[in-house]
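The lines below spell out each chain.
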Amino acid sequence: MRVATPEIKHLTVLYDGECGLCGRLKERLQDEPVWIELEFLALQNPAVPQRFPGIEAYEPTRHLVIVDDHQGVYCAENAWIMILYATKAFRGLSFELSAPGMKTLAKEACEWVSGNRKNISSWCGLKPQLKRNAG
Amino acid sequence: MNAIEWTYLTYAGASIGMTIWVARTLHQNGRVFLVDAFHGNQELADSVNHLLVVGFYLINIGFISLFLKTSSTLDGLRGGIELFSGKFGLVMVILGIMHFFNLFVFSRIRRRGQLQQTPPPVPAQGTLG
C-alpha cells in the first residue's frame, strides 16, 4: 500500500544504546547512501523525552521506533521498512516487504529479533555502544 | 579475391550492418525509457543513451573483428556458406544477449528513477504532540 504523505526529509531512529546488535546495525546504516537523512539517537540519551514528548507510549524499549520530520511515528516492522525506504540500495526491498504476505513475515522476524536482541548481541560478541564508549 | 576473402567480406558486412540496425533501434526506443527515468531531463537522457550506444558498438564490433579469422579451409560454395552461417549466427546470438542486457540496464535505471519519487510504503502509526 502506498500512502500519500508530505515529503519526508529526515528520520530519527531511536535505538537501544545498551544493545550491541543495534549499535552494529547503526554503524552499518551510517555508511549506507540514503535518500532520506537518518539521525540515530540512543534511547538512553536524556534529550529523547524532551525532543519527543509522549514517545514512551510507542514502547521504544520493546521495539524499534522512528520519528519523521512531521512527527509521524513508525514502530517495529514499519520502522524497519522505513529505514530500508530511506536507503538508496534497499528502497525496492522496502516495497517488497510491505506487501501483505511479506509484511506478516517481516513482523514476525522483527518481533523475534527485537525480543532477543540482547541474546543475539551476546552470541555474536557485540558489545553495547554505550559500554564501548565508556570503556 | 578468393572464396575465403569473399566469405570474410560478407560476414563483416552483414554483421556490422546488423549491429548498426540493432544499435539504432536501441537508441531510438531506449530514449523514452531514459527520459522517464531522469524525470524529463532530456539532455541527461540523451547523454546516457549515447554513451550506452557507443559501448554497444565497441563491444559488438570488437567481437565481430576478433571472430573474423578462421583456420579452416573452404570446401567450395557450401563450405563458404557454412562458415558464414556459423559466424553470423553466433554474432546474432551475442547481439541478442547484448540487446536484452541493454533493456535490463534501461529498466533498472527507470525503476531506480521511479523509486526515488515514490511515497513511503507504510503509514505513520501515530503522531507526537
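Residues numbered from 1 in each chain as written. Chains lettered and ligands numbered in written order. Predicted model: local features only at pLDDT ≥ 70, side-chain atom pairs only at ≥ 80, totals over all residues.

Residues and elements named next belong to chain A. Residue alternation in strand β3 (residues 65–68) divides its side chains into two sets, V65 and V67 and I66 and D68, and both sets are buried. Across four bridges, strand β1 (residues 10–15) lies against β3 in antiparallel orientation. If you follow L11 over to β3, its bridge partner there is D68. With three bridges connecting them, β3 and strand β4 (residues 72–75) associate as antiparallel partners. In the sheet register, V65 faces β4, and the bridge partner there is C75. The antiparallel hairpin formed by β3 and β4 contains three residues in its connecting segment, where Q71 sits at a positive phi of about 70°. (Buried ≥ 20, exposed ≤ 12 C-beta atoms within 10 Å, placed from the backbone. Helix = DSSP H or I, 4+ residues; strand = E, 2+ residues; numbered from the N terminus. Pairing = 2+ DSSP bridges.)

Once that is clear, we can look at the interface of chain B and chain A. On the chain A side, the residues contacting the 14 residues of chain B number 28 residues. For the side of chain B that touches chain A, the elements supplying multiple residues, two or more each, are α3 (76–117) and β1 (126–127) of chain B. Here the residues of the side of chain B that touches chain A are counted per class, giving eight nonpolar, six polar and no charged. (Contact = placed C-beta atoms within 7 Å. Nonpolar A, V, L, I, M, F, W, Y, C, P; charged D, E, K, R; others polar.)

A few words now on the packing of helix α1 (residues 3–37) of chain B against helix α2 (residues 42–66) of chain B. All names here are of chain B. At a minimum axis separation of 9 Å, α1 and α2 run at an interaxial angle of 160°. Viewed along their axes, α1 and α2 adopt a mutual orientation that is roughly antiparallel. Our pair here, α1 against α2, has a crossing hand that is right-handed. Across from A12, S15, I16, T19, A23, L26, H27, G30, R31, L34 and V35 in α1, the residues of α2 making contact are Q42, A45, D46, V48, N49, V53, F56, Y57, N60, I61 and I64. Per-class residue counts for the contact of α1 with α2 are 13 nonpolar, seven polar and two charged. (Axes fitted to C-alpha atoms, helices over the stretch in contact; angles between N-to-C directions. Parallel < 35°, antiparallel > 145°, perpendicular 65-115°, else oblique. Left-handed = near helix turned anticlockwise from the far one by under 90°.)

Structurally, the position occupied by B:Q28 is in helix α1. Along the chain, B:Q28 and B:N49 lie 21 residues apart, while their C-alpha atoms are 9.0 Å from each other.

On to the pairing of β1(A). Residue and element names in this part refer to chain A. Inspection of the sheet shows β1 paired to strand β2 (residues 37–42) by six bridges, in the parallel sense. Bridge pairing in β2 links T12 to E39. A crossover links β1 with its parallel partner β2, the connecting element being helix α1 (residues 20–30), and its sense is right-handed. (Right-handed = clockwise from strand over helix to strand, strands pointing away.)

If a residue is not glycine, its phi is most likely negative; likewise, a peptide bond is most likely trans. All names here are of chain A. Even without being glycine, Q71 reaches a positive phi, approximately 70°. Along the chain, Q71 turns up in the loop between β3 and β4. A count of 13 C-beta atoms within 10 Å places Q71 in the partly exposed class. For A76, which is not a glycine, the phi torsion comes out positive at approximately 50°. Tracing the backbone shows A76 in helix α3 (residues 76–86). C-beta crowding within 10 Å serves as the criterion here: with 20 such atoms nearby, A76 is assigned to the buried category.

To continue, consider α3(A). Along α3(A), 11 of the 11 residues are buried, which leaves the element largely enclosed by surrounding structure. All of the buried residues in α3(A) are A:A76, A:E77, A:N78, A:A79, A:W80, A:I81, A:M82, A:I83, A:L84, A:Y85 and A:A86.

Within the open sheet, the five strands sit side by side as β2(A)-β1(A)-β3(A)-β4(A)-β1(B). Their pairing is mixed. Two strands lie at the open edges of the sheet, namely β2 of chain A together with β1 of chain B, each paired on one side alone. Packing of α3(A) onto the sheet brings it into contact with β1, β2, β3 and β4 of chain A, and relative to β4(A) it is tilted by some 110°.

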